Each structure stands twice: as structure tokens, then as C-alpha cells.
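One-letter residues, chain by chain:
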Amino acid sequence: MIAQWDETVAQGERVTRDIWFEDESGSILPLDGVALGAQVRLVADGDVIATWAFSDPVDDVVVASLDESATLDIPPGVYHLDLWRRTDADGPQRIAGGTLTVEARYTHMEDL
């Protein structure tokens, strides 16, 4: 079973999320030899429209981020989101899925 990952962001805003893995007892697992990737798609099997960046691990926690320029280029709507984990021993494994909701960016107009 994969984890659920849902995010909401306004166009042109940065979104970040700390990511770590725990064993059954709640201990954080080491990230040695683990590569992570996350993609946003219009539909599950569609083209990638944005890719998340990942920091280097600090105490086996990484920060996933989608920067302002990426979210500014995505029209308002709900998109498919996947998180992948890859090790040298195992190929890519989809470990989380969900949605990225992009909300319209509002600007203030003084005279309406």
C-alpha cells in the first residue's frame, strides 16, 4: 500500500515538505543509497508538467520543494502527484500518490 500525499499551493508560491521514512516502531530509517523523485502530471500516465527538487538528507530527512516558477506555470486545477524511491538494489518504487491542487493567484485591484 502506498502513502497518500496531497498538497495545495497558489500559483507562483513555493511549496516544501519534509520527508522521512519510519520503520514499524517509528524509528527514522537511514537514507544512504536512496534517491527520491516526485512528479506532477495532468493525468496519472500523462506527461510530467513539474518535477520536485530534493535537498541532501540531514539526519535522514530531506526537503522536497516545488519552486515559485514551477507553480506559476501550472494552470489552476487538480493534478496527479507521485513520489518515487529508488535504491541500487531495487528499481524505482512508487511510495506515495495523491494530488497537487493549484489555486489561482489573486491580485489586489484598488479600483474595481
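Refer to the structure presented above.
These remarks concern the structure in this document. Every chain is numbered on its own, with residues counted from 1 as its sequence reads. Residue-level local features of this predicted model are given only where pLDDT is at least 70; pairs of side-chain atoms are given and counted only at 80 or more, and the full residue set underlies all totals for whole chains, interfaces and linings. The basis for every side-chain value is the complete set of heavy atoms in the structure, and neither hydrogens nor water enter the calculation.

### Points about the sheet that holds strand E4 (residues 48-51)
Basically, it comes down to this: Strand pairing follows a simple DSSP-based rule, namely that at least 2 bridges must link the two strands. Runs of H or I in DSSP of at least four residues are treated as helices and runs of E of at least two as strands, each being numbered from the N terminus. Axis lines are fitted to C-alpha atoms, over the contacting stretch for helices. Their N-to-C directions set the angle, which ranges from 0 to 180 degrees.
The five strands lie next to each other as E1-E8-E7-E3-E4, forming an open sheet whose pairing is mixed. Sheet topology places strand E1 (3-10) and E4 at the edges, where each strand pairs with a single neighbour. With direction set aside, neighbouring strand axes in the sheet form an average angle of 30°. Pairing of E1 with strand E8 (residues 93-103) involves eight bridges; the strand directions are parallel. For Ala10, the partnering residue across the bridge sits in E8 and is Glu103.

### With respect to the pairing of strand E3 (residues 34-41)
Relative to strand E7 (residues 77-87), E3 is paired through eight bridges, and the arrangement is antiparallel. Counterpart to Ala38 in the pairing with E7 is Leu83. Bridge analysis of E3 against E4 gives three bridges, and the strand direction is antiparallel. Paired with Gln39 across the strands is Thr51, a residue of E4. Taking the residues between adjacent antiparallel strands as the criterion, E3 and E4 are bridged by six residues.

### Side note on a negative patch on the surface
Quick note on the threshold: Note on patches: the residues involved have over 30% relative accessible area and no salt bridge, like charges join within 9 Å, and the nonpolar side chains Val, Leu, Ile, Met, Phe, Trp and Tyr join within 5 Å. The Shrake-Rupley method, run with a 1.4 Å probe sphere, supplies the accessible areas, and residue values consider only the shown protein chains as cover. For salt bridges, the criterion is a side-chain nitrogen of Lys or Arg within 4 Å of an Asp or Glu carboxyl oxygen. Asp and Glu count as negative and Lys and Arg as positive, but His and the ends of the chain are not part of the count. We put the charge of a Lys on NZ, of an Arg on CZ, of an Asp on CG and of a Glu on CD. Each residue gets one of three labels from its accessible area relative to the maximum for its type: buried under 20%, exposed over 50%, partly exposed in between, using a 1.4 Å probe on protein chains only.
A cluster of like negative charges, contributed by Glu13, Asp67, Glu68 and Glu103, occupies part of the molecular surface. Mapped onto the secondary structure, Glu13 falls in the loop between E1 and strand E2 (15-19). With relative accessibility at 45%, the residue Glu13 sits in the partly exposed group.

### Digging into the layout of surface pockets
Gaps between atoms show up when a probe of the same size as a water molecule is rolled over them. Heads up, the rule is: Any residue with an atom within 4 Å of a point lines the site, the site being either a cavity, points on a 1 Å grid over the protein atoms alone where a 1.4 Å probe fits but cannot get out, or a pocket, an open set with protein on both sides within 12 Å along at least 5 of 7 lines. Grid points are joined across faces, edges and corners, and a volume is the space filled by probe spheres set on the points. The residue classification treats Ala, Val, Leu, Ile, Met, Phe, Trp, Tyr, Cys and Pro as nonpolar and Asp, Glu, Lys and Arg as charged. All others, Gly included, are polar.
Considered as a void within the structure, the largest pocket measures approximately 190 Å³ in volume. Around the largest pocket sit twelve residues that line it, and Ala3, Phe21, Leu83, Ile95 and Ala96 are the ones nearest its centre. Going through the elements one at a time, E1, E2 and E8 are the ones with two or more residues in the lining of the largest pocket. Across the lining of the largest pocket, the residue classes tally to nine nonpolar, one polar and two charged.

### Thoughts on the pattern of salt bridges
As enumerated under the stated definition, the model contains two salt bridges in all. Here Asp82 makes a salt bridge to Arg94, at a shortest N to O gap of 2.4 Å. Taken together, the residues Asp82 in strand E7 and Arg94 in strand E8 connect sequence positions twelve residues apart. Relative accessible area serves as the criterion here: at 33%, Arg94 is assigned to the partly exposed category.

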